[in-house]
Amino acid sequence: MLQRTKIPLLLLLLCLLLPGVSRTLAQADGYEVLFDGKSVEKWRGKQSLNFPEKGWKIADGMLFLESSGGGDVLTKEKFGDFEVIFEFKLTEGANSGIKYFVDTLYKETTGKMMVNGPEYQIIDDYNYPGIKEDPNGLSSTAAAYLFYPPKNKTLHPHGEWNTGKIVAKGQNVSHWLNGKKVLSYKRGSKDFLEKKNENKFKDDARYGELEEGHILLTDHGDKVYFRNIQIKKL
């Protein structure tokens, strides 16, 4: 008989490995399915209440950008403390990302409003210009984009599936890649704000400091496949 402490891990592995796993099984360990390989009912366009009619496509249990013009998509619901897991597969030279704590922010220098939040970078470290020379830098896969680089990571090359995870509890955030924690940081900390002051988000009020926000998939015009996107509220 399996020990009780091992059951959640077994359920998680089944959820990640079997695209057709049932919603009931995923929820048994507290996870909510955000994308089940068939429906985008829990998603909408960044500037719309509806999911884009062009650009994004569902096929063979995957969600991906087929052509330009779709724009970023985000969850209809906002999340505070959470653990989100997902699988992604890069095409050669592709660039994408998953943002979190996303909402409307005020840019102090221009007075404009924007929809943004911290980003788990997803990019072809091996082939993307500028990244292949620095595959563990601030813009590489699993980095907290422009804030914190990943360490001791293993990224499978384009054409192969990778498993990512973001855990956020209070101010504490960690990024995971293929079962390894590759970075952790504290939102709104002195170190975080110092790094923010040195990058392009320095004038974005409350960037990374919101109590809750949407989960967002970016449209950088490149084809990156996603599947088995699930979230658990902590």
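In case you missed it, the structure is sitting above this.
Here's a quick rundown of the structure. This is a predicted model, so every value here is computed, not measured.

## Considerations on the pairing of strand β4 (residues 62-65)
Side chains Met62 and Phe64 project from β4 onto one buried face, and the interleaved Leu63 and Leu65 project onto a second face that is buried too. Sheet topology note: the strand β3 (residues 56-59)/β4 ladder contains four bridges and is antiparallel. Across the sheet, residue Trp56 finds its bridge partner in β4, namely Leu65. Here β3 folds back onto β4, and the loop between the two strands holds two residues, one of which, Asp60, carries a positive phi near 55°. Two strands pair when backbone bridges link them, and β4 and strand β14 (residues 224-233) are joined in this way by two bridges, in the antiparallel orientation. Paired with Phe64 across the bridge in β14 is Tyr225.

## Let's talk about unusual backbone geometry
Glycine aside, the phi torsion of most residues is negative, and most peptide linkages are trans. Not every positive phi belongs to a glycine, and Leu146 is a case in point at roughly 70°. Mapped onto the secondary structure, Leu146 falls in the loop between β9 (119-123) and β10 (161-169). Even without glycine at this site, Asn152 takes up a positive phi of about 55°. Mapped onto the elements of the fold, Asn152 is located in the loop between β9 and β10. For Asn152, a relative accessible area of 68% translates into the label exposed.

Rules and cut-offs
Residues numbered from 1 in each chain as written. Predicted model: local features only at pLDDT ≥ 70, side-chain atom pairs only at ≥ 80, totals over all residues. Heavy atoms only, no water. Buried < 20%, exposed > 50% of the residue type's maximum accessible area, 1.4 Å probe, protein only. Helix = DSSP H or I, 4+ residues; strand = E, 2+ residues; numbered from the N terminus. Pairing = 2+ DSSP bridges.

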